Amino acid sequence: MAEIENGPMFLSAVNCEGEYKDKFYIANLIKETIMEVGPRNVVQVITDNAPVCKAAGMIVESHYPHIFWTPCVVHTLNLALKDICAAKNTETNADVYSECSWITDVAGDAILIKNYICMHAMRLAMYNEFVGLKLLSIAETRFVSTIVMLKRFKLVKLGLQAMVISDKW
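Parameters and conventions
Residues numbered from 1 in each chain as written. Predicted model: local features only at pLDDT ≥ 70, side-chain atom pairs only at ≥ 80, totals over all residues. Heavy atoms only, no water. Helix = DSSP H or I, 4+ residues; strand = E, 2+ residues; numbered from the N terminus. Buried < 20%, exposed > 50% of the residue type's maximum accessible area, 1.4 Å probe, protein only. Polar contact = N/O pair within 3.5 Å; in protein donor to acceptor, adjacent residues only side chain to side chain. Phe/Tyr/Trp six-rings, centres within 6.5 Å; stacked < 30°, edge-to-face > 60°. Lys NZ or Arg CZ within 6 Å of the ring centre and 35° of its normal. Salt bridge = Lys/Arg side-chain N within 4 Å of Asp/Glu carboxyl O.

Draft legend 1. Here's a closer look at the side chain of Lys-114. Relative to the helices and strands, Lys-114 is located in helix 5 (residues 102–118). For Lys-114, a relative accessible area of 10% translates into the label buried. Here Asn-115 takes part through its side chain, which lies 3.0 Å from a polar atom of the side chain of Lys-114.

Here it is as structure tokens:
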């Protein structure tokens, strides 16, 4: 992806299936794309926070000193929230978990409501009458998608309330 004056633009996708994705392989893919658009047109490269991606970013920075590697903020936030709200880490972060575990409970309730509506055709039809926005499915491996889903629930709250108190219900 590239960000240009008119907004984001898709550049390419690479099927890396069967490849050993070390820092050199990833750096070469990034450098090939930089060469396609011209090094003078690139300011920053953003990847996830995997150590191999960080190492690839350092290789790119060494070849192009004016280009900066940056870890993805969404990925960073995802990792932080996942650690904070993960019950498995209660020994090391018991205080934080006790303060933030409600997020997991609320998210679980929202998923139940979404599934109840989306998996029943009549309920979904009613939902669509009362609300103009779709309910979002989340990627369980990405905690930030839970936050996005909860934000959507906040936006459709009045429509959900109107739906369940309507005579049609």
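Draft legend 2. Up close: the packing of aromatic side chains. Scanning the entire structure with this criterion turns up 0 aromatic pairs. Above the plane of the ring of Trp-169 lies Arg-123, whose end atom (NZ or CZ) is 5.8 Å from the centre.

Draft legend 3. Representation of the pattern of salt bridges within the structure. Counted by the stated rule, this structure contains 1 salt bridge. Between Glu-129 and Lys-168 there is a salt bridge, with the nearest N and O atoms lying 2.4 Å from each other. Pair noted here: Glu-129 is in helix 6 (residues 121–130) and Lys-168 is in the segment after helix 7 (143–165), with a separation of 39 residues, a long-range link. Of the residues examined, Lys-168 reaches a relative accessible area of 54% and is grouped as exposed.

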